[in-house]
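Architecture at a glance
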Amino acid sequence: MIAEVLFVLAGHSSSLFPTDHTIHPAFAPLLHPGEEQCLESLGQIALRYRKVKDACTNLARPSSRYVSALCATLNQILKEGYEVLVVETEAKVLQRDSSLVASGSFVPLSSLRAVFAEWDAPLASLETLVDELQAQEHWAPGPLIDLLLTRSQTGIHRVSAIYNRLSEAVQRGWIAQLQALLIHGTLSPNDPLADKSYVLLEGAVPSCVTHQARDSITYVGRAIGTVKAAKWEKQFPQDLAREHTKLLNSVLPQDQYAFDRIIADVRTAVSEWLWLNVLTHKDVDDAVESLANYFLLRNGEFALSLIREIERLKLSRLTARSVPSTMIREQDLHLALLRASLGTTAQQDPSLAHLHFRLPAGPIRPLLPSLAAAGTKDLSSSLSQPAEATSFDDLLLGTPLVLTYSVTWPLDLFLHASDLQTYAVLFSYLSALRKTHTRVHACWTALSNAQRARRRWTGLGEGGTMEDLEVRKQLLRCGWGVVREMSWFLDTLLGYVMTDVVDVEFRRMKALLLGRPVGALGRQMTGSGVPAESASAAPFGVSRSTSGINAAHSANTNISSSATPPLDFTTLRSIHTTYLERLLTGSLLANPALTNIIRMILEVCERFAAQVERWGGDVLPALLFEGSLAAGAQKVGDMVAERYTIVDEIDETLQTLLQAFYEQLSLSTTLQPFSAAADATKSMLHNTSMANTTGFHTFVRAKRGKRLEGDEEVRRHVERLLLRLDFNGAFSNPRKKRRAGQGAQGSEDILKQGGLA
């Protein structure tokens, strides 16, 4: 009987167990209950072993390479452990080993049961594993590795060791496919990790691989595969490929931190090689200059032309009669983009083809500017609480509008999606400032033309009867004061952003790319002369078509390249990331409280300009507009009083917002909000919601033993803006505000209001 039991344990069928692990009914009465239980336990172990072996044979035939690797490893584990144990047990029985054969004559079933007891839990767990594998037709490597790693988290050492060995075998097969992708840029026809565009397939990567590592895998695979498919003259060096192979063979995905570090090292090495052989310095220069011209509005004539074209598009849709022609679609905006380039330096710029407008909300019907006053907000409570991120993307068109830039290979190695998102945020902010600034200037022009036309008939006065002459005078002065305050603030803010932030930071980055010193650029004040070495560094802000110093620029580049080491890719990414961060911080977008106030100021300016436009371009009503016989019971001066109430309310709101802006800006410079806390080699996301509501954050890393020079430069930018805003003490010594009931004697002189008397 012992021979029959060992025969069953070896995986063969027997009449002792006709169906499953249950003893044959004819043989059961001959056994003691304890013996029967031991035999059934041994029969269950044999049944599970036979089921696992059969499942491995069935799964290994049509399945993927990963399931085949699992089955092969599982067969090896059973061969080295279980099958060897069966042979050794049989040898001990034949040799009458005293540890198993009692008195050298009989073998207790309990001893045999104890020998195979160590395989109870492993075979039970492996049985559930093969059942789960057979329940699904196809297994991707990611879910399969996740399943094995999850099952290895158990307190039973033997079970954990088996699953660890199985998961390592599957991970080795996955690493082999990863090596083919990262080193050779090839994809397997069976069970590939990525599609033809080198985007990782769903389930191709286990969950233990982080998001950063997945991005790096896609980045490196696409780069190597594209270089190989293009048959470049310089291919990826073999010695570097062998080094990367050795690194990938030394780690498994389950070791998350070591795997991330090696993938990051591979990405860095590939990026450095691409920067030296594929992505040239000229490509980066062209892309950076194009982005600055169109997203940062350094091409001023194109920016103004684009704003006028969008306004003309809105007007044409508002006056259209048929329903389809009243909608604004993305193709209409693209046509406006092309029309805006006519007659400007952007007309012949090939990078204009990369620009596209996107409407997240889909086609829209334009609306007239709202004349209703926005809900009054308690500024003190809103500033004391953390401010939410403020968006400016709906001020240009009236609905969210995003400017995108299509990036092709190999430029996408340098520009990431997060960088383009930051550029889009900057464009929305700067275009909103420029558009509102243009509207206020148009309002100023309309008021001036209306006053000239009126003075032809009224002489030096404002006309009207004796009872409303003084009120008309007050209304006109109040209106001129409001438009003067708006124009002054927007001139100051826009000049600061475009000159002290965008222009200075752009020239600073260009100097860093050329390896030239940037100390003079950082210390340069607005309106001061440009140092000779800074002026000759590069055509900063000058269009490529108008640059006339190519020879000098080439000579300077050769001199700098011979004096300084070549720029590596990591430093290039760090320079560009710091450049974007300094733009966000210097333009006040990193302070949600300030951007919230700026948004409210722009809305007030738009409301006033729309109100004046509705009134026919003048704050004063025409002399015959009221008090006539057709006006019914309307008394003389009612329309003037109504308009004065509206203008005075706008003036009070504007003064409150300007004072809050100055106080918040002053508070941001007196605190210590600067911090360095990001890896500049990684892509930077626009994260204003995480910023401090009372300060600015930069990601400039401090050198050892030195202070954060970048933070100090950004702080100096803000201090210059404070000096311009308070050049006449208007905020430090605020004037007495106008009230609707004040007379001409009680109102302050306009020269005193401007700090000139």
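Remember, predicted model here, so these are calculated numbers, not experimental data.

1. Quick look at the overall build of the protein chain
On a plain count of helices and strands, the protein chain comes out with 24 helices and two strands. Residue burial in the protein chain is summarised as follows: out of 757 residues, 48% are buried. In the protein chain, the proportion of contacts linking residues at least 24 apart, taken out of those at least 6 apart, comes to 77%. For the protein chain, the computed accessible surface area is about 36,200 Å², with 55% contributed by carbon and sulfur atoms.

2. Thoughts on helix H9 (residues 238–249)
For an α-helix, 3.6 residues make a turn, and residues three or four places apart therefore share a direction. Along its twelve residues, H9 runs 16 Å from first to last C-alpha, staying within 8% of the 16 Å computed at 1.5 Å per residue. Among the residues making up H9, those that are buried are Leu-240, Ala-241, His-244 and Leu-248. Buried residues in H9, looked at end-on, bunch into an arc of 100 degrees, giving them a common side. Exposed residues lying more than 90 degrees from the buried face of H9 are Gln-238, Arg-242 and Lys-246. Buried residues along H9 sit in contact with helix H7 (157–183) and helix H10 (256–277).

3. Digging into the packing of aromatic side chains
A complete count under the given rule lists twelve aromatic pairs for this structure. Ring geometry for Phe-295 versus Phe-427: centroids 6.2 Å apart, planes at 70 degrees, classification edge-to-face. You can see Phe-295 sitting in the loop between helix H11 (281–294) and helix H12 (300–318) and its partner Phe-427 sitting in helix H15 (residues 417–458), a full 132 residues away along the chain. One exposure class covers both Phe-295 and Phe-427, and it is buried.

4. Considerations on the pattern of salt bridges
Within the structure shown, the criterion is met by 23 salt bridges. Overlapping salt bridges bring together Glu-311, Lys-435, Arg-439, Glu-606 and Glu-613 as one network.

5. Quick word on the packing of helix H1 (residues 2–9) against helix H2 (residues 33–60)
Axis separation between H1 and H2 bottoms out at 8 Å; the angle between their running directions is 30 degrees. Taken together, the axes of H1 and H2 lie roughly parallel to each other. Residues Val-5, Val-8 and Leu-9 of H1 touch H2, and the partners they reach there are Leu-39, Leu-42, Ala-46, Tyr-49 and Arg-50. Along the lines of polarity and charge, the residues of the contact of H1 with H2 split into seven nonpolar, no polar and one charged.

6. Notes on unusual backbone geometry
Even without a glycine there, the phi angle at Asp-191 is positive, about 55 degrees. Of note in the backbone geometry, Leu-588 takes a positive phi value of approximately 75 degrees without being a glycine.

7. Looking at the pairing of strand S1 (residues 355–358)
Only one face of S1 is buried: it carries Leu-355 and Phe-357, and the other face, with His-356 and Arg-358, is open. The pairing of S1 with strand S2 (residues 402–405) spans four bridges and is antiparallel. Within the sheet, the bridge partner assigned to Phe-357 lies in S2 and is Leu-403.

8. Examining the confidence of the model for the protein chain
Chain-level pLDDT for the protein chain is 75 on average; 74% of the residues reach the 70-or-more range. Mean pLDDT in the protein chain bottoms out at helix H18 (residues 532–535), which sits at 38, and peaks at H7, which reaches 92. This stretch, residues 627–634, has a pLDDT under 50; its non-local contacts, to residues over four places away or in other chains, come to four contacts. Across residues 672–709, where pLDDT falls below 50, the model places 94 contacts with residues more than four positions away in sequence or in other chains.

9. Description of helix H8 (residues 211–230)
For H8, with 20 residues, the first-to-last C-alpha span of 28 Å sits near the 28 Å given by 1.5 Å per residue. The set of residues buried in H8 consists of Ala-213, Ser-216, Ile-217, Thr-218, Tyr-219, Val-220, Gly-221, Ala-223, Ile-224, Gly-225 and Val-227. Those residues of H8 that are buried lie in contact with H7, H10 and helix H20 (569–586). Directly beyond the C-terminal end of H8, a positive phi value near 55 degrees is found at Lys-231.

Scoring rules and cut-offs
Residues numbered from 1 in each chain as written. Predicted model: local features only at pLDDT ≥ 70, side-chain atom pairs only at ≥ 80, totals over all residues. Heavy atoms only, no water. Helix = DSSP H or I, 4+ residues; strand = E, 2+ residues; numbered from the N terminus. Buried < 20%, exposed > 50% of the residue type's maximum accessible area, 1.4 Å probe, protein only. Contact = heavy atoms within 4.5 Å. Areas by Shrake-Rupley, 256 points an atom, 1.4 Å probe, with all protein chains shown as cover. Expected span 1.5 Å × (residues − 1). Arc of directions from axis to C-beta. Phe/Tyr/Trp six-rings, centres within 6.5 Å; stacked < 30°, edge-to-face > 60°. Salt bridge = Lys/Arg side-chain N within 4 Å of Asp/Glu carboxyl O. Axes fitted to C-alpha atoms, helices over the stretch in contact; angles between N-to-C directions. Parallel < 35°, antiparallel > 145°, perpendicular 65-115°, else oblique. Nonpolar A, V, L, I, M, F, W, Y, C, P; charged D, E, K, R; others polar. Pairing = 2+ DSSP bridges. pLDDT = per-residue confidence, 0-100.

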